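Analysis of the macromolecular model
The chain contents come next:
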Amino acid sequence: MLPPLGEEHAITLAEGNTPLYHLQRCARSTGIESLYAKHQGMNPTASFKDTGMTVAASSAHQAGFRWVACASTGNTSASMAAYAARGNMRSLVLIPDGKISWGKLSQSLDYGALTVQLRTDFDGCVRILTELVRQKPVYLLNSVNPYRIEGQKTCAIELLEQFGWDAPDHIIVPGGNLGNSSAIGKALLEMRELNLISRLPKLSIIQAEGANPFYRSVREFNGAKLEAMTAQTMATAIQIGNPASWKKALRVLRASGGEVEQVSEQEIAEAKAEIGADGIGCEPASAVTLAGLKKLRARGFVKPVETVVLILTGHVLKDPDFTIKFHRGDLFPEPPSSEAAKGATLRSKALQRAPIALDADLGAVIATLDAAETAP
Ligand code: F0G
């Protein structure tokens, strides 16, 4: 199911074979007992990008390129920089200035990429890169690269193997540039074609409300067109207004009978803390899956007896700023206005675990421990 590549060109960091976790607390809070997370953040550069990057970087190596490049919201660039370094290639990263997390930026620096911060958004970076690769002998490693998509199929193949080839009812993914949903959907269709599975899981795609061009395309235009937008969300990984692979994603959404949903910033923050409280954790963009599941469950699209897998795309340490702000109560500086937002704030408060600064005094620590014991 993967493209043939010469073994001498294989660039690998031992990616893949990521864990499948049962989400115990989230199962209770959503009322879905069979709720699992396939954690792609447990890959070598801590995001799902590595399974595609090993294939695409190897193909760049086989084609004899000296330079590879991508535009990124931070995870593709981190992954590309690492794989390029392993393959003795140079890498050029274009990222939107001030719009990616420090964790991701630091990775691309550490792995030795030429890192350029452009004063634009992700979509602006893509425009410049598309022109650049026409003029310079640089290999494009964005997810429009078909080798990336082929490699990212392995997430779905592993998942089915982990389920003993008995397909779950639902797979839920975040939607940004929509390469990942396309890859997972393609793998599902191919596995059915090969009779590895007898039925298709429904593949649903979740976007942030402020970065929802695909959601709007499906809901408002029945997939007939996609209106690009200026995207805004604290889940910076999916702050994308003009997704490249929307037509591919639409095809697999339709083929599998999945749904689209959008979730608010507050819902993302809360879902992220819930996944954290399950001892798993993920970055904000990955948490849209749990937030979206709650909505799909409320609409009756997902039933309590069904088996659901959330694809967690990035590791909790990718964006510690977001996590710390949430737990300190600093993520949303404006007081909530609507009743729904007030309810969400209360739910958030119950999840918040702000650090407590104390003098180095045993009595003070014991008093804090006792207070925590009696707190709800
Ligand atoms: N989750 C995370 C953590 C991501 O980094 C991305 C995309 C997505 C979800 C969405 O996946 O684009 O295939 O629909 N990150 C890209 C990047 C755009 O540059 O790192 P998608």
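Presented here is an overview of the structure given in this document. The shown structure was predicted, so the numbers you read here are calculated from the model rather than taken from an experiment.

The end-to-end C-alpha separation of helix 2 (residues 49–62) is 20 Å, in line with the 20 Å expected for 14 residues at 1.5 Å each. Among the 14 residues of helix 2, twelve are classified as buried, and the element is accordingly described as predominantly covered. For helix 2, the set of buried residues is Lys49, Asp50, Thr51, Gly52, Met53, Thr54, Val55, Ala56, Ala57, Ser58, Ser59 and Ala60. Where helix 2 is buried, its residues contact strand 3 (67–71), helix 3 (75–86), strand 6 (138–140), helix 6 (146–152) and helix 7 (154–162). Two residues or fewer past helix 2, Gly64 is found with a positive phi of approximately 80°.

For the rest of this paragraph, the subject is the environment of Thr154. Mapped onto the secondary structure, Thr154 falls in helix 7. Here the alpha-carbon distance between Thr154 and Ala371, two residues 217 residues apart in the chain, equals 47 Å. Apart from the residues within four sequence positions on either side, Thr154 is in contact with Leu2 and Thr51.

A few words on the pairing of strand 4 (residues 90–96). Within strand 4, six of the seven residues are buried, leaving the element largely enclosed by the surrounding structure. As judged from the five bridges shared by strand 3 and strand 4, these two strands associate in the parallel manner. Looking at the pairing, Cys70 lines up with Val93 of strand 4. On the question of chirality, the crossover connecting strand 3 to the parallel strand 4 by way of helix 3 is right-handed. Here strand 4 pairs with strand 5 (residues 114–118) via five bridges, running parallel. Note on strand 5: the bridge partner recorded for Pro96 is Leu118.

Within the fold, Val138 resides in strand 6. Judged by relative accessible area, Val138 falls into the buried class, the value being 13%. Between the C-alpha atom of Val138 and that of Arg90, which follows or precedes it by 48 residues, the distance is 9.6 Å. Among residues more than four places away in sequence, those in contact with Val138 are Phe65, Trp67, Val68, Ala69, Leu132 and Val133.

Here the focus is the site of the ligand. Taken together, 20 residues form the shell around the ligand, and within it Ser72, Asn177, Leu178, Asn180 and Thr313 come nearest. Between Gly179 and the ligand, the recorded distance is 3.2 Å, taken from a backbone N or O atom to an oxygen atom. At 2.7 Å from a nitrogen atom of the ligand is found a side-chain nitrogen or oxygen belonging to Thr313. In the complex, 98% of the free accessible area of the ligand, which totals 470 Å², lies under the protein chains. Only helix 3 and helix 8 (179–193) provide two or more residues apiece to the shell around the ligand. Here the shell around the ligand is composed, by residue class, of seven nonpolar, eleven polar and two charged.

If you check the backbone angles, Ala14 has positive phi at about 65° while not being a glycine. Mapped onto the elements of the fold, Ala14 is located in the segment before strand 1 (20–22). With a phi close to 70°, Ala46 is a non-glycine residue in the positive phi region.

Below, the discussion takes up the packing of aromatic side chains. Evaluation of the coordinates by the stated rule reveals two aromatic pairs. Considering the side-chain rings of Tyr36 and Phe163, the 5.4 Å spacing of their centres and the 85° angle between planes classify their relative orientation as edge-to-face. A residue pair is termed long-range when its members are at least 10 positions apart, and Tyr36 in strand 2 (residues 35–39) and Phe163 in the loop between helix 7 and strand 7 (170–174) qualify at 127 residues. Judged by its relative accessible area of 23%, Tyr36 falls in the partly exposed class. Of the residues examined, Phe163 reaches a relative accessible area of 18% and is grouped as buried. Taken together, a centroid distance of 5.0 Å and an interplanar angle of 55° make the contact between Phe65 and Tyr139 tilted. In this pair, Phe65 is assigned in the loop between helix 2 and strand 3 and Tyr139 in strand 6, connecting sequence segments 74 residues apart. The exposure class of Phe65 is partly exposed, given its relative accessible area of 28%. Residue Tyr139 is classed as buried on the basis of its relative accessible area of 13%.

A few words on the pattern of salt bridges. As enumerated under the stated definition, the model contains 20 salt bridges in all. Notably, a salt bridge pairs Arg219 with Glu261, separated by 3.6 Å at the nearest N-O pair. One end of the pair, Arg219, is in helix 9 (residues 213–221); the other, Glu261, is in strand 9 (residues 260–263), and 42 residues separate them in sequence. Note on Arg219: relative accessible area 37%, which makes it partly exposed. Overall, the relative accessible area of 6% leaves Glu261 in the buried class. The shortest N-O distance in the salt bridge between Glu270 and Arg347 comes to 2.8 Å.

Thresholds applied
Residues numbered from 1 in each chain as written. Predicted model: local features only at pLDDT ≥ 70, side-chain atom pairs only at ≥ 80, totals over all residues. Heavy atoms only, no water. Helix = DSSP H or I, 4+ residues; strand = E, 2+ residues; numbered from the N terminus. Expected span 1.5 Å × (residues − 1). Buried < 20%, exposed > 50% of the residue type's maximum accessible area, 1.4 Å probe, protein only. Contact = heavy atoms within 4.5 Å. Pairing = 2+ DSSP bridges. Right-handed = clockwise from strand over helix to strand, strands pointing away. Near = heavy atom within 4 Å. Polar contact = N/O pair within 3.5 Å; in protein donor to acceptor, adjacent residues only side chain to side chain. Areas by Shrake-Rupley, 256 points an atom, 1.4 Å probe, with all protein chains shown as cover. Nonpolar A, V, L, I, M, F, W, Y, C, P; charged D, E, K, R; others polar. Phe/Tyr/Trp six-rings, centres within 6.5 Å; stacked < 30°, edge-to-face > 60°. Salt bridge = Lys/Arg side-chain N within 4 Å of Asp/Glu carboxyl O.

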